[in-house]
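Examination of the molecular architecture
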Amino acid sequence: MRGAIIYGLIIMLSFCQLALASDSDEVVGTWVTQGGESQVDLYKCQNKYCGKIVWLKNPTYPSDDARGMAGQTKVDRENSEPSLRTRPILGLVILEALEFEGNDSWVDGRIYDPKNGKTYSCKMTLENKRLNVRGFIGISLLGRTAVWSRKP
């Protein structure tokens, strides 16, 4: 009898873990960033979540680029580290180390903004099939939220 109870508890815990894992993976896939300028592929990286740019509306610099890179592929030229300034934006990992907290929330990550070359703390929440991605400095009150939608 005692063995049956323990076996039953083990099965119940296994189902709970499966349910939690499936909820945490809800963000996996391709997301269109606010304004539709890019698409980011969110994926599992070990036991956390990461994201990289997989599509750009304008993958090259415009003809009037003030820095003389007209027509060239966009690179990470705003990075504070000179050795990283030639990395292409396409394929660039911009989200790292987000952990699933439960209740459709991912926390304790980092987000990199290639437009200004800065990295911020990051958290995400999934609401009504929209992903609220918040980058901030220090506390989340000091930040900005972008709303991403899943790629159709």
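Residues numbered from 1 in each chain as written. Predicted model: local features only at pLDDT ≥ 70, side-chain atom pairs only at ≥ 80, totals over all residues. Heavy atoms only, no water.

**Digging into the nonpolar core**
- One finds L42, L95, M124 and L131 to be the most contacted residues of the largest nonpolar core, which totals 21 residues.
- Elements supplying a minimum of two residues to this core: β2 (38-45), β3 (48-56), β4 (93-102), β5 (105-113), β6 (118-127) and β7 (130-136).
- With residues up to four places along the chain from it excluded, the contact list for L42 reads V27, V28, G29, W31, C50, G51, L95, M124 and L131. (Core = buried A, V, L, I, M, F, W, Y, C linked by side-chain atoms within 4.5 Å. Buried < 20%, exposed > 50% of the residue type's maximum accessible area, 1.4 Å probe, protein only. Helix = DSSP H or I, 4+ residues; strand = E, 2+ residues; numbered from the N terminus. Contact = heavy atoms within 4.5 Å.)

**Here's the deal with the pairing of β6**
- In this sheet, β6 lies alongside β5 in antiparallel orientation, the contact comprising seven bridges. Paired with D113 across the strands is K118, a residue of β6.
- Counting the residues between successive antiparallel strands, the hairpin from β5 to β6 contains four residues, one of them, G117, with a positive phi of roughly 75 degrees.
- Sheet analysis places β6 next to β7, joined by seven bridges and oriented antiparallel. Following the sheet pairing, K123 is matched in β7 by R134.
- Counted along the chain from β6 to the antiparallel partner β7, the turn is two residues long, and its residue N128 has a positive phi close to 50 degrees. (Pairing = 2+ DSSP bridges.)

**Digging into the side chain of D76**
- Counting through the fold element by element, D76 comes out in the loop between β3 and β4.
- By relative accessible area, D76 is classed as buried at 0%.
- One polar contact links D76 to N79, side chain to side chain, over a distance of 2.8 Å.
- A distance of 2.5 Å separates a polar atom in the side chain of D76 from a polar atom in the side chain of Y112.
- When near neighbours in sequence (up to four residues on either side) are disregarded, D76 contacts L84, R85, R87, I89, L92, Y112 and P114. (Polar contact = N/O pair within 3.5 Å; in protein donor to acceptor, adjacent residues only side chain to side chain.)

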